[in-house]
Amino acid sequence: PGKSAYYQNNWMAISDFEFGRLWLRDQSQSPQLPIQINLTPGERSCPFSLTLNAGFAYVVGREGEAGTPTANCNNWVGVWKVDLTLNSVVGFAKFGTKLRDAAYGADDRLYVTDFEEDRVYVVNPTTMAQQRSLGVGDGPVGLKLNPTATGMWVTNWNSNKLQYWNLTNDTLIDELG
């Protein structure tokens, strides 16, 4: 049912694009019943990707209303912050035009790709405010951080390239493809 699955510290999470929900399961609990969280009170949300850290899930997606131009979820424009203890949405940040992937870094920052604007946004996860952005390759769809969050791999769909970035000075180190 989902577009993205993630597992960390006994938590399994799946973003359900079709029904606009986040499914969670705490693998350390018995019984392991899934928890369903609707991301918006409106008619439709379209989660696309997610990452977990320190009791929170950060879900990249789009809000939409049935019967309007946003119902088809062609764009991804925000990040929901979900508290895994409260099982509820506790924040939403709206930025970018086609957000696709997220990763949480050892530097306590959230990194989010924007396919259309060819950028990676660096977000403060406490305030959900954008701190800076990096212009990367054409059509970034995925990213992974090194264990110390000093380096970042970015996959670019449109240019069919993989890039490695130094995050201490925001410079491109290598590009394959």
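Details of the structure are given in the entry above.
Nothing here was measured: the structure is a model prediction, and the numbers come from that model.

**Here we look at the overall build of the protein**
Regarding its fold elements, the protein presents 0 helices and 16 strands. A buried classification covers 46% of the 177 residues belonging to the protein. Sequence separation of at least 24 residues holds for 33% of the intrachain contacts in the protein that already meet a minimum separation of 6. A total accessible area of about 8,600 Å² is found for the protein, and carbon and sulfur atoms account for 49% of it.

**Description of the sheet that holds strand β14 (residues 151-156)**
One open sheet holds the 4 strands; their spatial order is β13-β14-β15-β16, and the pairing between them is antiparallel. In the strand order of this sheet, the two ends are held by β13 (140-145) and β16 (171-176), each with one partner. Ignoring which end each strand starts from, the neighbouring axes of this sheet average 25 degrees apart. With 6 bridges connecting them, β14 and strand β15 (residues 161-166) associate as antiparallel partners. The partner of G151 across the bridge, within β15, is N166.

**Comments concerning the side chain of N146**
Tracing the backbone through its elements, the reader meets N146 in the loop between β13 and β14. We classify N146 as buried; its relative accessible area is 13%. A polar atom in the side chain of N146 sits 3.3 Å from the side chain of Y164. Not counting the four nearest positions on each side in its chain, N146 is found in contact with G151, W153 and Y164.

**A closer look at the pattern of salt bridges**
Within this structure, the stated rule accounts for 2 salt bridges. R132 is the partner of D170 in a salt bridge, and the nearest nitrogen-oxygen pair spans 3.0 Å. Taken together, the positions of D170 in the loop between β15 and β16 and R132 in strand β12 (residues 129-135) put the pair 38 residues apart, joining distant regions of the chain. D170 sits in the partly exposed class, given a relative accessible area of 29%. Where E175 meets K161, a salt bridge forms, and the shortest distance between an N and an O atom there is 3.7 Å. Of this pair, E175 sits in strand β16 while K161 sits in strand β15, and the two are 14 residues apart along the sequence.

**Topic: the sheet that holds strand β11 (residues 119-124)**
Strands sit in the order β9-β10-β11-β12 across an open sheet of 4 strands; the sheet is antiparallel. Looking at strand neighbours, the two that pair on one side only are β9 (99-104) and β12, the edges of this open sheet. Looking at each pair of strands side by side, their axes are set apart by 25 degrees on average, direction ignored. Bridge count between strand β10 (residues 110-114) and β11: 5 bridges; the pairing is antiparallel.

Cut-off values and rules
- Residues numbered from 1 in each chain as written.
- Predicted model: local features only at pLDDT ≥ 70, side-chain atom pairs only at ≥ 80, totals over all residues.
- Heavy atoms only, no water.
- Helix = DSSP H or I, 4+ residues; strand = E, 2+ residues; numbered from the N terminus.
- Buried < 20%, exposed > 50% of the residue type's maximum accessible area, 1.4 Å probe, protein only.
- Contact = heavy atoms within 4.5 Å.
- Areas by Shrake-Rupley, 256 points an atom, 1.4 Å probe, with all protein chains shown as cover.
- Pairing = 2+ DSSP bridges.
- Axes fitted to C-alpha atoms, helices over the stretch in contact; angles between N-to-C directions.
- Polar contact = N/O pair within 3.5 Å; in protein donor to acceptor, adjacent residues only side chain to side chain.
- Salt bridge = Lys/Arg side-chain N within 4 Å of Asp/Glu carboxyl O.

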